[in-house]
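Residue-level listing of the chains:
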Amino acid sequence: MKTDIQIAQEATMLDIREVAAKIGASEDDIEMYGRNMAKVSDEYIARLQNEKDGKLVLVTAINPTPAGEGKTTITLGLNDALRKMGKNSVVAMREPSLGPCFGIKGGAAGGGYAQAVPMDKLNLHFTGDFHAITSANNLMCAMLDNHLMQGNELRIDPKRIVAKRCLDMNDRALRNITVGLGKRTDGVVREDHFCITVATEVMAILCLAEDLDDLKARLSRIIVAYNYDNEPITAGDLKCVGAMTVLLKDAIRPNLIQSLENNPVFVHGGPFANIAHGCNSVRATKVALKAADYVITEAGFGADLGAEKFLDIKCRMAGLKPDAVVLVATARAMKYNGGVPKTELSNENVEALKKGIVNLGKHIENLQKYNVPVVVTINKFVSDTDAEVEAIKEYVSDKGCRFAVSDVWGQGGAGGQDLAKEVLEAIEVGSPNFKTLYSDDLSLTEKIETVSREIYGADGVDYTPEAANALKRIESLGFGNMPVCMAKTQYSLSDNEKLLGRPTNYRISVREVYVSAGAGFVVAIAGAIMTMPGLPKSPAAERIDVLDSGEIVGLF
């Protein structure tokens with residue numbers, strides 16, 4: 001079998017103007033980045049405002065395992081399948097971060113014959129959105145340190161600066177640093193920190209902003225520090241919002257590329273779901289809903305993270321309502337959750353599968369709490385046996401869900417026909433009214449407890465003294481009505497990545513809480529999750545290269 005990048009490089013791509021025509025956009029409605037990538041114009045977005053919204057389908061997954069689940073692959077393959085059936089559908093997905101591309105996870109363009117292309121450009125610099133976000137965030141931080149140096153009129157306490165510089169790369173050495181060393185003119189000496197770009201509030205804001213005015217308003221509310229009187233200091237106070245917006249004026253416009261089958265794909269924004277809200281931009285989702293009858297979107301990592309945040313944060317803020325949810329799983333992943341080593345996942349083991357399938361079961365139960373139809377799909381591997389597939393089908397049926405086997409990795413849209421039919425029928429049948437998990441008027445601790453008990457299956461929540469004090473301070477500042485954005489490991493329903501399957505008899509440990517006032521949510525960090533990841537012992541970067549011909553190898 002060819003590698004993903006080989007398949008992508010051999011693809012026959014349409015000129016992006018032809019792809020744009022499929023969503024009713026003319027050449028004047030797009031700004032081209034070469035022949036195969038473009039940004040859609042504000043004028044195009046405005047022209048669609050009176051169009052009827054299409055149906056929204058969320059693709060999510062069980063907790064990720066080393067076996068790989070293929071959520072993005074299913075997202076793209078389902079859209080190609082719907083297009084093959086004559087349906088007017090589009091994809092709205094996230095942009096990949098450079099950190100995972102050169103680390104351990106790889107890119108986020110799908111796989112096999114269900115990919116977004118150009119795969120190499122998408123996974124690397126793309127249209128420069130992440131560079132713009134990085135620059136805007138770091139400009140804010142530079143303005144803050146300059147303010148300290150130039151007399152500190154705002155009386156910022158250097159010990160209570162909460163804004164972090166960022167870099168779109170896994171670099172653990174930058175987590176905790178000291179800045180301002182050297183001469184007096186080199187700045188105020190203080191402890192500083194870096195996070196990865198996709199964990200910044202600027203990224204979250206770009207993905208939640210409705211338009212340029214909303215972007216400015218949200219940027220101005222970013223809390224960068226506290227003064228000596230314990231009052232918040234914002235980016236607006238630093239007078240850097242206009243300059244930040246200038247850097248983001250193009251990045252806020254959604255990007256358009258295509259699938260291997262030349263179908264339109266919106267790709268815009270990319271906050272991590274384990275440390276941010278994990279969804280593509282509201283702007284891209286809403287323009288897609290106006291441009292098509294069906295929109296297939298995704299949320300990062302497992303349903304306990306990405307789907308929960310899509311449903312409780314993005315839908316709440318943007319007024320969205322999903323018409324169906326596709327839950328992706330693999331037989332291999334369920335065997336892994338049942339205790340089978342990675343090296344033996346290709347061997348049939350129905351007993352281990354039935355033991356590990358409880359992870360899938362918990363995610364089904366969680367999604368059903370939102371009153372939305374759930375379709376479970378198995379991302380097919382060659383090693384999957386009839387007995388394993390039948391065991392999964394029987395289990396899913398007992399949970400009251402629709403079920404389909406997908407082979408979009410091997411066959412593209414043709415391998416997703418069964419899934420597409422189940423999704424269309426689920427939408428047609430409908431369901432009770434969609435509801436979020438908790439109401440705005442609950443306290444922050446009640447919201448954290450609700451997510452921890454209802455979604456993670458924990459017995460309760462323990463807070464460090466610092467986290468408990470932060471919660472009180474945040475509520476006293478008037479941010480208690482915000483939703484919570486839980487940051488934890490993606491590998492387990494719990495905050496301990498080693499607890500596979502469906503953990504019970506444990507408590508969530510919240511060690512840090514802070515408010516993202518511009519984004520509009522409160523972040524609670526549980527367990528050992530880091531906002532600046534590190535590289536593994538053998539990073540993917542060791543195997544990535546470019547040949548004399550210009551062909552990139554090793555990217556996945």
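A quick note: this is a predicted structure, and the numbers were derived from the prediction, not measured. (Residues numbered from 1 in each chain as written. Predicted model: local features only at pLDDT ≥ 70, side-chain atom pairs only at ≥ 80, totals over all residues. Heavy atoms only, no water.)

Q: Describe the overall build of the protein, listing the residues and the values that go with them.
A: A count of helices and strands for the protein gives 20 helices and 25 strands. Relative to its length of 556 residues, the protein is compact, with a C-alpha radius of gyration of 23 Å against a globular reference of 24 Å. Looking at the protein alone, contacts between residues at least 24 apart form 74% of all its contacts between residues at least 6 apart. If you sum the accessible surface of the protein, you get close to 21600 Å²; carbon and sulfur atoms cover 49% of it. Counting 62 positive and 72 negative side-chain charges, the protein places the centres of these two groups 2 Å from one another. (Helix = DSSP H or I, 4+ residues; strand = E, 2+ residues; numbered from the N terminus. Rg over C-alpha atoms; globule rule 2.2 N^0.38 Å. Contact = heavy atoms within 4.5 Å. Areas by Shrake-Rupley, 256 points an atom, 1.4 Å probe, with all protein chains shown as cover. Lys, Arg positive; Asp, Glu negative; His and termini not counted. Charge placed at Lys NZ, Arg CZ, Asp CG, Glu CD.)

Q: Break down the pairing of strand E19 (residues 402-406) for me, with residues and values.
A: Direction of pairing for strand E18 (residues 374-379) relative to E19: parallel, over a ladder of 5 bridges. For Val-376, the partnering residue across the bridge sits in E19 and is Phe-403. (Pairing = 2+ DSSP bridges.)

Q: How would you explain the pattern of salt bridges if you had to name every residue and give the values?
A: Following the criterion strictly, the structure yields 32 salt bridges and no others. Notably, a salt bridge pairs Arg-218 with Asp-214, separated by 3.2 Å at the nearest N-O pair. Taken together, the positions of Arg-218 and Asp-214, both in helix H9 (residues 212-220) and 4 residues apart, correspond to about one turn of that helix. For Asp-214, a relative accessible area of 18% gives the class buried. Across the pair Arg-402 and Glu-422 runs a salt bridge whose closest N-O atoms are separated by 3.2 Å. A residue pair is termed long-range when its members are at least 10 positions apart, and Arg-402 in strand E19 and Glu-422 in helix H18 (residues 417-429) qualify at 20 residues. By relative accessible area, Arg-402 is classed as partly exposed at 26%. You can call Glu-422 partly exposed: its relative accessible area is 21%. Where salt bridges share partners, they join Glu-31, Lys-249, Asp-250 and Arg-253 into one cluster. (Salt bridge = Lys/Arg side-chain N within 4 Å of Asp/Glu carboxyl O. Buried < 20%, exposed > 50% of the residue type's maximum accessible area, 1.4 Å probe, protein only.)

Q: I'd love a proper account of the packing of aromatic side chains, names of residues and values included.
A: Summed over all chains, the structure comprises 1 aromatic pair. The interplanar angle of 15° and the centroid separation of 6.5 Å between the aromatic rings of Tyr-370 and Phe-434 together place this pair among those described as stacked. Taken together, the residues span a long stretch of sequence, with Tyr-370 in the loop between helix H15 (358-368) and E18 and Phe-434 in the loop between H18 and helix H19 (444-454) at a distance of 64 residues. There is no split in this pair, since Tyr-370 and Phe-434 are both buried. (Phe/Tyr/Trp six-rings, centres within 6.5 Å; stacked < 30°, edge-to-face > 60°.)

Q: Can you tell me about the environment of Thr-489, naming the residues and giving the values?
A: Structurally, Thr-489 can be placed in the loop between strand E21 (484-487) and strand E22 (508-516). Accessibility expressed as a relative area gives 8% for Thr-489, which makes it buried. Here the alpha-carbon distance between Thr-489 and Met-530, two residues 41 residues apart in the chain, equals 9.0 Å. Dropping the residues within four chain positions of it, Thr-489 is found in contact with Leu-305, Ser-494, Asp-495, Asn-496, Glu-497 and Ile-529.

Q: Quick one: what's the story with the sheet that holds strand E7 (residues 156-161), residue by residue and with numbers?
A: Note: strands within a sheet are paired through backbone hydrogen bonds, in either parallel or antiparallel orientation. The strand order across the open sheet built from 3 strands is E7-E12-E13, with neighbouring strands paired in antiparallel fashion. The open sheet has two free edges, formed respectively by E7 and strand E13 (232-234), since each of these has just one partner strand. The sheet shows a mean angle of 50° between the axes of neighbouring strands, taken without regard to direction. Across 2 bridges, the pairing between E7 and strand E12 (residues 223-227) is antiparallel. In the strand pairing of E12, Ile-156 is matched with Asn-227. (Axes fitted to C-alpha atoms, helices over the stretch in contact; angles between N-to-C directions.)

Q: Residue-level account of the nonpolar core, with values.
A: Ranked by size, the top nonpolar core spans 140 residues in total, and within it Val-224, Leu-248, Leu-360 and Ile-392 carry the most contacts. If sequence neighbours within four positions are ignored, Leu-360 has contacts with Ile-62, Leu-327, Ala-329, Met-334, Val-376, Ile-392 and Val-396. Membership of the second largest hydrophobic core comes to 41 residues, among which are Val-267, Val-328, Leu-419 and Ile-427. (Core = buried A, V, L, I, M, F, W, Y, C linked by side-chain atoms within 4.5 Å.)

Q: Help me get a handle on the sheet that holds E22, residues and values and all.
A: Across the sheet, which stays open at both edges, the 4 strands sit in the order E20-E22-E23-E21 with mixed pairing between neighbours. At either end of the open sheet lies a strand with only one pairing partner, and these are strand E20 (461-463) and E21. Neighbour to neighbour, the strand axes of the sheet diverge by 40° on average, direction disregarded. With 6 bridges joining them, E22 and strand E23 (residues 521-526) adopt antiparallel strand pairing. Residue pairing across strands places Tyr-514 opposite Val-523, the latter belonging to E23. In the packing of helix H20 (residues 465-476) onto the sheet, the strands contacted are E20, E22 and E23, and the crossing angle to E22 comes to about 35°.

Q: Explain the environment of Arg-283 residue by residue, including any values.
A: With respect to the helices, strands and loops of the structure, Arg-283 is situated in helix H11 (residues 282-291). The exposure class assigned to Arg-283 is buried, which follows from its relative accessible area of 11%. It is 33 Å that separates the C-alpha atoms of Arg-283 and Lys-472, two residues lying 189 residues apart in sequence. Contact partners of Arg-283, with chain neighbours within four places excluded, come to Asp-42, Ile-45, Ala-209, Glu-210, Asp-211, Ile-252, Arg-253 and Pro-254. Of note is the side chain of Arg-283, whose polar atom sits 3.2 Å from the backbone oxygen of Ile-252. (Polar contact = N/O pair within 3.5 Å; in protein donor to acceptor, adjacent residues only side chain to side chain.)

Q: Break down unusual backbone geometry for me, with residues and values.
A: The step from Val-117 to Pro-118 runs through a cis peptide bond, and the omega angle for that step is 5°. Tracing the backbone shows Pro-118 in the loop between strand E6 (114-117) and helix H6 (119-123). The phi angle at Phe-126 is positive, at roughly 50°, despite the residue not being glycine. The topology assignment puts Phe-126 in the loop between H6 and helix H7 (129-149). On the accessibility criterion, Phe-126 (11% relative accessible area) is buried. At Arg-155, a residue that is not glycine, the phi angle is positive and equals roughly 55°. By the element assignment, Arg-155 lies in the loop between H7 and E7.

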